[in-house]
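Here is what each chain is made of, one letter per residue.
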Amino acid sequence: FQAVDFDDLIGLPLALLTRDDEARAKWRGRLRHVLVDEVQDTNAVQYELLKALVGPDGIFTAVGDDDQSIYG
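One structure accompanies this document, and this report is about it.

About the cut-offs
- Position numbers for residues count from 1 along each chain, tracking the sequence in the order it is written.
- Side-chain atom pairs in this predicted model are given and counted only at pLDDT of 80 or more, local residue features only at pLDDT of at least 70, and totals for whole chains, interfaces and linings cover all residues.
- Heavy atoms throughout the structure, all of them, feed into the side-chain values; hydrogens and water do not.
- Numbering of helices and strands runs from the N terminus; a helix is a DSSP stretch of H or I covering at least four residues, while a strand is a stretch of E covering at least two.
- By definition, residues are in contact when any of their heavy atoms lie within 4.5 Å.
- Computed with a 1.4 Å probe, the accessible areas rest on the Shrake-Rupley method; for each residue, only the protein chains presented here act as cover.
- Neither His nor the chain termini are counted; the positive set is Lys and Arg, and the negative set is Asp and Glu.
- Here the site of a charge means atom NZ of a Lys, CZ of an Arg, CG of an Asp or CD of a Glu.
- Expected helix span is taken as 1.5 Å per residue step, with the number of steps being one fewer than the number of residues.
- Put simply, a patch holds well-exposed residues, over 30% relative accessible area, that have no salt bridge, with like charges counted together within 9 Å and Val, Leu, Ile, Met, Phe, Trp or Tyr side chains within 5 Å.
- Salt bridges are defined as contacts in which a side-chain nitrogen from Lys or Arg sits within 4 Å of a carboxyl oxygen from Asp or Glu.

So, on to the overall build of the chain. When its secondary structure is counted, the chain shows 3 helices and 2 strands. Each helix (α) and strand (β) of the chain, taken in turn from the N terminus, gives the series α-α-β-α-β. Taken along the three principal axes of its C-alpha coordinates, the chain extends 40 × 35 × 15 Å. In the chain, of all internal contacts separated by at least 6 residues, the share reaching a separation of at least 24 is 75%. For the chain, the exposed surface amounts to about 5700 Å²; the carbon and sulfur share of it is 53%. Here the chain contributes 7 positive and 14 negative side-chain charges, whose respective centroids are spaced 13 Å apart.

Below, the structure is given as structure tokens:
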């Protein structure tokens, strides 16, 4: 099978962006702004993916509600 689960949908792009300078530069060039909704439910790997996508000078906005956090 060539199947992925939810963790793979985050981990595989993170692995690509971490090891491939060309892919990282391409995606950083395409994404001028990133919006993260429900940030209270963002785990460490998702945050690493966000940082890999936007880079050190990237622009992102995060919105959320602490009262709805699933990671209490």
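Below, the discussion takes up unusual backbone geometry. The phi torsion at E38 lies on the positive side, around 60°, for a residue other than glycine. You can see E38 is positioned in the loop between β1 (34-36) and α3 (44-54).

The next thing to look at is helix α1 (residues 6-19). Note: α-helices contain 3.6 residues per turn, so residues at a spacing of three or four share the same orientation. Taking 1.5 Å per residue, 14 residues should reach 20 Å; α1 reaches 21 Å between its end C-alpha atoms and fits that length. If you follow the buried residues of α1, they end up packed against α2 (21-30) and α3.

Okay, a nonpolar patch on the surface next. Side chains of V4, F6, L9 and L12 sit close together on the surface and give an oily, nonpolar patch of about 420 Å² of accessible area. Tracing the backbone through its elements, the reader meets L9 in helix α1.

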